[in-house]
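Chain by chain, the residues run as shown.
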Amino acid sequence: MINTYDQLIIGSGFAGLCAAIKLKEQGENNFVILERNDWLGGTWYDNHYPGAACDVESHLYSFSFEPNPNWSRQFSPQQEILKYMEHCAEKYDLYKHLQYNTTVTQATFDEAKGIWNVSAEGGQNFSARSIITCSGGLSQPMFPDIKGIDSFKGTMFHSAKWEKKFDAKGKTVAVIGTGASAIQIVPTIAPDVKQLYLFQRTPPWIMPKPDAEISSLRRWLYNNLPFTQALYRRRLYWQHELMALGFIKRPGILKFASKLSLRFLKQSVPDEKLREKLTPSYVMGCKRVLISNDYYPALTRNNVEVITDGIQQINETGVLTKDGVQRNIDTIIIATGFQAAEEVSRFAVNGRNGMDLNEAWREGAEAYLGTTVSGFPNMFLVVGPNTGLGHSSMILMIEAQVNLIMESLKALKQKQAKFIDLKRDVQQEYNRDIQEKLSHTVWQNGGCVSWYQMKNGKNVTLWPGFTFTFMKRTKKFEEEKYEIVN
Ligand code: N01
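Cut-offs used in this document
- Residues numbered from 1 in each chain as written.
- Predicted model: local features only at pLDDT ≥ 70, side-chain atom pairs only at ≥ 80, totals over all residues.
- Heavy atoms only, no water.
- Near = heavy atom within 4 Å.
- Polar contact = N/O pair within 3.5 Å; in protein donor to acceptor, adjacent residues only side chain to side chain.
- Areas by Shrake-Rupley, 256 points an atom, 1.4 Å probe, with all protein chains shown as cover.
- Nonpolar A, V, L, I, M, F, W, Y, C, P; charged D, E, K, R; others polar.
- Helix = DSSP H or I, 4+ residues; strand = E, 2+ residues; numbered from the N terminus.
- Contact = heavy atoms within 4.5 Å.
- Pairing = 2+ DSSP bridges.
- Axes fitted to C-alpha atoms, helices over the stretch in contact; angles between N-to-C directions.
- Buried < 20%, exposed > 50% of the residue type's maximum accessible area, 1.4 Å probe, protein only.
- Parallel < 35°, antiparallel > 145°, perpendicular 65-115°, else oblique.
- Left-handed = near helix turned anticlockwise from the far one by under 90°.
- Disulfide = S-S within 2.5 Å.

(A) Quick peek at the site of the ligand. The local shell around the ligand holds 23 residues, among which Thr178, Ala180, Ser181, Thr202 and Lys287 are the closest. Between the ligand and glutamine 184 there is a distance of 3.4 Å, counted from an oxygen atom to a side-chain nitrogen or oxygen. Tryptophan 451 places a side-chain nitrogen or oxygen 3.0 Å from an oxygen atom of the ligand. Here the ligand, which alone exposes 910 Å², has 85% of that area covered by the protein. Class assignment for the residues of the shell around the ligand results in eleven nonpolar, eight polar and four charged.

(B) Quick look at the environment of threonine 371. Looking at where threonine 371 falls in the secondary structure, it is placed in the loop between helix H10 (357-360) and strand S18 (379-381). Each C-alpha atom, one on threonine 371 and one on leucine 381, is 4.5 Å from the other, the two residues being ten residues apart in sequence. Non-local contacts of threonine 371, meaning those with residues more than four positions away in its chain, are made with Met379, Phe380, Leu381, Gln401, Leu404 and Ile405.

(C) Examining the sheet that holds strand S7 (residues 155-158) more closely. The five strands are arranged S7-S16-S8-S9-S12 in an open sheet whose pairing can be described as parallel. The sheet is open, and its two borders are formed by S7 and strand S12 (304-307), each paired with just one other strand. On average, each strand axis in the sheet is tilted by 15° relative to the strand beside it, whichever way the strands run. Here four bridges tie strand S8 (residues 172-176) to strand S16 (residues 331-334), and the two strands are oriented parallel to one another. For valine 173, the partnering residue across the bridge sits in S16 and is threonine 331.

(D) Just unusual backbone geometry, in detail. Phi at asparagine 378 is positive, roughly 55°, even though this residue is not glycine. Topologically, asparagine 378 is positioned in the loop between H10 and S18. On the basis of relative accessible area, asparagine 378 is assigned to the buried category, the value being 1%. For asparagine 386, which is not glycine, the phi dihedral falls at a positive 55°. In this fold, asparagine 386 is placed in the loop between S18 and helix H11 (394-414).

(E) Summary view of the packing of helix H1 (residues 14-25) against H11. Packing of H1 against H11 leaves a shortest axis separation of 9 Å and a crossing angle of 40°. Classified by the angle between their axes, H1 and H11 sit oblique to one another. With respect to the hand of their crossing, H1 and H11 are arranged in right-handed fashion. Contacts between H1 and H11 involve Phe14, Ala15, Cys18, Ala19, Lys22 and Leu23 on the former and, on the latter, Ile395, Ile398, Glu399, Val402, Met406 and Leu409. Grouping the constituent residues of the contact of H1 with H11 by class yields ten nonpolar, no polar and two charged.

(F) Quick peek at the state of the cysteines. Applying the stated criterion to the full structure yields one disulfide. Across the disulfide from cysteine 286 sits cysteine 448; the S-S distance is 2.1 Å. Handedness here is read from the sign of the S-S torsion; for cysteine 286 and cysteine 448, about -90°, the answer is left-handed. Residue cysteine 286 is found in the loop between helix H8 (272-277) and strand S11 (290-291), and its partner cysteine 448 is found in the loop between helix H13 (442-445) and helix H14 (467-473); the two are separated by 162 residues along the sequence. Cysteine 448 matches cysteine 286 in its accessibility class, with the two residues each being buried. As a non-bridged cysteine, cysteine 54 has cysteine 88 as the owner of its nearest cysteine sulfur, 14 Å distant.

Geometric descriptors of this kind do not, in isolation, establish any biological role.
Next comes the structure, spelled out in structure tokens:
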């Protein structure tokens with residue numbers, strides 16, 4: 001049996017929920033949201049490790065059209081963010097559109113009919129005029145290619161696949177990686193574990209986190225005088241946009257911020273040797289700048305050791321480093337991030353003439369405004385290539401992309417078109433421009449290797465500009481840039 005819809009959304013994170021809400025606002029109700037997990041939330045469902053919280057303020061990291069006056073903290077924890085997403089699903093009546101435990105394996109475009117045929121694990125089949133891919137930029141855990149990793153006999157799991165039953169109490173634990181996930185996990189479990197070994201390859205730049213509970217008075221204000229919350233959101237918005245200046249145009253701002261970060265390190269870590277290990281050697285901003293008040297103090301604990309000697313191999317009982325030291329370990333937590341820049345499509349996608357998406361993206365993923373890809377008609381991506389941000393809330397980009405998708409769907413309907421397909425030269429010219437702009441940024445010139453880039457150095461993940469520029473460009477459907485087939 002084939003389940004037929006007008007639109008099919010893949011993924012129920014912020015992107016999938018936003019697309020569904022806006023479809024409904026447009027009067028579209030014949031759609032389904034396919035979700036691989038057994039609940040909604042995407043990354044905010046997957047990443048429930050201890051200490052998981054957002055590193056962008058909640059009043060900005062939430063939908064502009066659905067303000068939450070009751071956020072408990074400046075940077076809310078994962079459970080509260082997931083609750084907010086559940087609230088959105090309830091309020092906008094999305095639950096009836098959600099189909100869980102459905103992992104899409106293949107999407108194939110039928111050019112004669114102008115429809116997408118979609119298959120999922122277990123043999124389910126769907127068809128839809130349009131597909132909206134919201135499967136997340138950071139949803140595929142990346143396991144490090146460390147010799148002997150499969151031979152480890154203890155417990156081992158990825159930060160995004162946290163073992164719910166895991167109890168850190170009294171255990172000897174290794175954490176591999178020092179990115180945004182690790183810096184939240186380490187301080188949370190350090191007081192419980194017997195010994196924590198932190199395997200660091202590159203020290204991150206860390207700034208203090210301006211976190212605090214939001215007072216009941218402020219919450220009362222936001223509930224009773226909503227303009228005060230809107231004003232606060234606006235302030236946060238511009239504060240973050242200023243940071244983009246440093247990444248893109250005024251590296252001097254980053255020099256100043258680097259000094260603050262080094263001062264913070266000095267205040268937090270009195271031991272000179274440890275401080276040396278934790279001092280970054282690349283330009284701030286090249287990798288994501290992290291914020292934490294408890295990470296550095298956790299590293300000064302007697303039961304925490306930062307190891308920088310490089311991992312030689314993992315064996316049955318623990319980790320052997322290049323200096324020949326073996327550390328026996330009960331549990332290894334893999335906090336090595338996600339597959340973001342290579343093999344970007346999470347399932348097989350075949351467009352016109354059977355063209356394979358990952359094959360088309362072999363030299364680097366490309367789209368127009370991160371949303372449409374030439375040769376893949378009526379397919380829309382949210383958080384597609386070069387839409388990531390180093391400086392602000394991804395929800396801003398998601399809303400902008402969804403706006404463009406809604407405008408495109410309106411045009412498709414008005415023109416009674418079978419499909420719309422981005423012109424190839426539009427995509428090429430746009431991406432030449434994006435790469436040219438990126439070539440002047442700290443992400444390309446900051447002397448680091450990051451998940452922003454492919455192995456060949458091409459940055460296919462970040463938007464090299466302000467969010468307001470992106471919002472402006474995604475306001476309307478540009479008919480002349482598409483082939484419209486009736
Ligand atoms: O992953 P990462 P993450 N041997 O890629 C190390 C978002 N996020 O999960 O720097 C040893 O940042 C690697 O070392 P190096 C956010 O956008 C948001 O922490 O490559 N180490 C690095 O230290 C973030 O940027 C929140 O030298 C190895 C670490 O593993 C993104 O997710 C919270 C290794 C990976 O760091 C990813 O963050 C969490 C190896 N073979 C995440 N391979 C919020 O707060 C890799 N590493 C919203």
